[in-house]
Amino acid sequence: QVQLVESGGGLVQAGGSLRLSCAASGSIFSINLMGWYRQAPGKQRELVANIFSGGRTKYADSVKGRFTISRDNAKNTVYLQMNSLKPEDTAVYYCNAVLRTNYDSYDLQYWGQGTQVTVSS
């Protein structure tokens, strides 16, 4: 069993900052990719940012220069520092991980339960 537990969401005014954390636990052999997605009401879930185990990152154009993703491989934890938040960043943010539970297993994708981020204008 693998669990992704998110924390750090909340309500913030426009221009403010929040930091999301997501810790993966359970039967984990290696984690290739960790990231954050978000889903606003009435919209599809979209990639916000992800980071490979070697440190390579990818960001959605809408958050470049404002959000920073990082990870602590020793703790199986990924972070999302969100600065200069805008009302359009309001969404449920989901942690995502692509990992192996054994040395000879396939990559499997897991999701956290989601954490609400609300940015007021």
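Going by the structure above, here's the rest.
Residues numbered from 1 in each chain as written. Predicted model: local features only at pLDDT ≥ 70, side-chain atom pairs only at ≥ 80, totals over all residues. Heavy atoms only, no water.

I keep staring at the nonpolar core and nothing clicks. Help me out?
Where a protein is soluble and globular, its nonpolar side chains tend to be buried together. Within the largest apolar cluster, 29 residues are counted, with the highest numbers of intra-cluster contacts made by Trp36, Val48, Phe67, Val78, Leu80, Met82 and Tyr93. Looking at this core, the element that brings in the most residues is strand 9 (residues 91–100), giving 5 residues. With sequence-adjacent residues up to four places away left out, Tyr93 is seen in contact with Glu6, Leu20, Trp36, Tyr37, Arg38, Val48, Phe67, Leu80, Met82, Gly114, Thr115 and Val117. (Core = buried A, V, L, I, M, F, W, Y, C linked by side-chain atoms within 4.5 Å. Buried < 20%, exposed > 50% of the residue type's maximum accessible area, 1.4 Å probe, protein only. Helix = DSSP H or I, 4+ residues; strand = E, 2+ residues; numbered from the N terminus. Contact = heavy atoms within 4.5 Å.)

Where do I start with the pattern of salt bridges in this structure?
Pairing is possible between side chains of opposite charge, provided their charged atoms come close. In the structure shown here, the tally under the stated rule is 5 salt bridges. Among the ionic pairs, Arg38 bridges to Glu46, the shortest N-O distance being 2.8 Å. For Arg38, a relative accessible area of 6% corresponds to the buried category. The exposure class assigned to Glu46 is partly exposed, which follows from its relative accessible area of 36%. Within the structure, one salt-bridge network assembled from shared partners comprises Arg38, Glu46, Arg66 and Asp89. (Salt bridge = Lys/Arg side-chain N within 4 Å of Asp/Glu carboxyl O.)

Interpretation note: all reported values are geometric properties and have no functional meaning in isolation.
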